[in-house]
Amino acid sequence: MRYLITGGAGFIGSNLSRFLLKKGHEIFVIDDLSTGFFENIKDLEQNKNFKFILDSILNIEILEQTIQKVDAIFHLAASVGVEYVINNPLKSIEINVQGTENVLKLAHRYNKKVLITSTSEIYGKNEKDALIETDDRILGSTTISRWSYSNTKALDEFLGLAYYHEKKLPLTIIRLFNTTGPGQVGDYGMVVPRFVKQALLGKPITIYGDGEQTRCFTHIDDVIKAIEIVMNEKKCEGQIFNIGNPDEHSINDLAAIIRKMTNSNSTIEHIPYEKAMGSNFEDMRRRVPDITKIKKYANWEPKLYLKEIIEDIIEYQKNGE
Ligand SMILES: NC(=O)c1ccc[n+]([C@@H]2O[C@H](COP(=O)([O-])OP(=O)(O)OC[C@H]3O[C@@H](n4cnc5c(N)ncnc54)[C@H](O)[C@@H]3O)[C@@H](O)[C@H]2O)c1
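Here goes a summary of the coordinates provided. (Residues numbered from 1 in each chain as written. Predicted model: local features only at pLDDT ≥ 70, side-chain atom pairs only at ≥ 80, totals over all residues.)

Glancing now at the overall build of the protein. Helix and strand counts for the protein come out as 11 helices and 13 strands. Computed over C-alpha atoms, the radius of gyration of the protein comes to 19 Å, within 12% of the 20 Å expected from 2.2 N^0.38 for 321 residues, which places it in the range of a compact globule. Within the span of the protein, comprising 321 residues, buried residues form 43% of the whole. For the protein, the proportion of contacts with a sequence separation of at least 24, taken over those separated by at least 6, is 80%. (Helix = DSSP H or I, 4+ residues; strand = E, 2+ residues; numbered from the N terminus. Rg over C-alpha atoms; globule rule 2.2 N^0.38 Å. Buried ≥ 20, exposed ≤ 12 C-beta atoms within 10 Å, placed from the backbone. Contact = placed C-beta atoms within 7 Å.)

The structure is reproduced here in structure tokens:
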């Protein structure tokens, strides 16, 4: 098969590219390297089945030429990460809304299947035990810019579902919960690589807030497998799936585990949210996925847990990122 991966030089996209190339597929990547890195895909440049196009999904001509050549599209390009979105509010809205609309419009024109990567941010402040795909979205005020990410991705979902129902575009939506692993950088607020880096350097491990907030972490290898299965499973079309590992940890525990696993003597410090993220910030206490639906439709469940995630990130960072 020939696939377009938008955002294919990013953390998830580069891993997905490598995985699909190994399976003999042909991969086209469009990425403007706004948060992705050429280093992520440098090793793939030699592969005759890999083509990297340095451009934006806002460039409709390039996008159209590429979509015509492929069988299906993994749409990953987006402004990602709470810190990045807070610091680039206008750009984030434009890319996440206009960019997705471009992809869907052209996918429909040439009848190409699309997989949209949405996010657990969709659920906002809903902190129930385990979130199912039809649960309510509970969001803060529009004056708090982190919620724009949730809303732009929600608009992507609405658009996708509208194309599926009204135009019969084959399409699946996945909501990723904190995907992490080797290759991810901590620069945009991704907590696990950030803590590992601080611990390896012997610098203070900095926790935002009281650290009693909990999160669930999913290994990139598990996520890549889920993405492939969902794309190929006909009965997943028109559906939304949570993809995540329900194993829940407080950020205080995460910091302590990383400190121990890196044999670090870093101190663990708490920084008030106002200082770390500015006064206009709001966080959620917990976010846990219910993955019953994807187990039922695609027979997927995570195989790797926090210990493996941290081990792999330590190894990656020790080898010079
Ligand atoms: N990593 C996670 O935990 C997580 C969680 C929920 C959802 N997601 C979603 O998964 C997708 C991939 O995320 P990631 O973690 O790999 O982040 P990433 O930042 O590493 O990847 C995003 C890629 O999109 C590229 N990009 C941004 N704007 C672009 C544009 N206009 N044109 C072309 N390329 C552009 C970036 O350069 C980057 O390479 C995103 O859609 C994100 O919203 C990720």
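This is not the end of the story, as more comes after the structure.
A few words now on the environment of Trp147. The residue Trp147 is located in helix H5 (residues 146–167) in this model. Taking the number of C-beta atoms within 10 Å as the measure of exposure, Trp147 has 19 and is therefore partly exposed. Taking the C-alpha atoms as reference points, Trp147 and Ile122, 25 residues apart in sequence, are found 9.0 Å from one another. Beyond its immediate sequence surroundings of up to four residues, Trp147 is in contact with Gly124, Leu139, Gly140 and Thr142.

Taken together, 29 residues sit near the ligand, with Gly7, Gly10, Ile12, Gly36 and Ala78 positioned nearest. Those elements that place two or more of their residues in the shell around the ligand are helix H1 (11–22), strand E2 (26–31), helix H4 (89–109) and strand E5 (113–119). Per-element accounting of the shell around the ligand gives the leading share, three residues, to H1. Partitioning the shell around the ligand into residue classes produces 13 nonpolar, 14 polar and two charged. (Near = placed C-beta within 6 Å. Nonpolar A, V, L, I, M, F, W, Y, C, P; charged D, E, K, R; others polar.)

Next up on the list: the sheet that holds strand E4 (residues 72–75). Taken together, seven strands build an open sheet; the order of strands is E3-E2-E1-E4-E5-E6-E11 and the sheet is parallel. Lying at the two open borders of the sheet, with one neighbouring strand each, are strand E3 (50–54) and strand E11 (240–243). Put simply, the sheet's adjacent strands are angled 20° from each other on average, direction ignored. With respect to the sheet, helix H7 (residues 220–232) is in contact with E4, E5, strand E6 (171–176) and E11, its orientation differing from that of E6 by roughly 160°. (Pairing = 2+ DSSP bridges. Axes fitted to C-alpha atoms, helices over the stretch in contact; angles between N-to-C directions.)

Phe74, Val114, Ile227 and Val230 are the most contacted members of the largest nonpolar core, which totals 75 residues. If you tally residues by element for this core, the top one is H7, at six residues. Leaving out residues up to four positions away in the same chain, Val114 has contacts with Ile73, His75, Val103, Leu104, Ala107, Leu169 and Leu171. (Core = buried A, V, L, I, M, F, W, Y, C linked by C-beta atoms within 7 Å.)

All right, on to unusual backbone geometry then. Although it is not a glycine, Lys168 sits at a positive phi angle of roughly 60°. Structurally, Lys168 is set in the loop between H5 and E6. With phi around 55°, Asn299 is a residue other than glycine that occupies positive phi space. One can find Asn299 in the loop between helix H10 (292–298) and helix H11 (306–318).

Within helix H2 (residues 60–69), burial applies to Leu63, Thr66 and Ile67. The buried residues of H2 all sit within an arc of 100° when viewed along its axis, so they share a single face. For H2, exposure combined with an orientation more than 90 degrees from the buried face picks out Glu61 and Gln68. On its buried face, H2 sits against strand E1 (2–6), E2, E3, E4 and H4. (Arc of directions from axis to C-beta.)

Put simply, H1 and H7 touch, their axes get as near as 10 Å, and they point 65° apart. Crossing geometry of H1 relative to H7 is assigned as right-handed. Together, Ile12, Asn15, Leu16 and Phe19 of H1 and Ile220, Val223, Ile224, Ile227 and Glu228 of H7 make up the contact between the two elements. Looking at the contact of H1 with H7 residue by residue, the classes come out as seven nonpolar, one polar and one charged. (Left-handed = near helix turned anticlockwise from the far one by under 90°.)

Moving on: H5. Counted at 1.5 Å a residue, the expected span for H5 with its 22 residues is 32 Å, and the 32 Å between its end C-alpha atoms agrees. Within H5, the full set of buried residues consists of Arg146, Ser148, Tyr149, Ser150, Thr152, Lys153, Asp156, Gly160, Tyr163 and Tyr164. In the core, the buried residues of H5 are packed alongside helix H3 (82–87), H4, E5 and E6. Phi turns positive one or two residues past the end of H5, at Lys168, with a value near 60°. (Expected span 1.5 Å × (residues − 1).)

None of this, on its own, says anything about what the molecule does.
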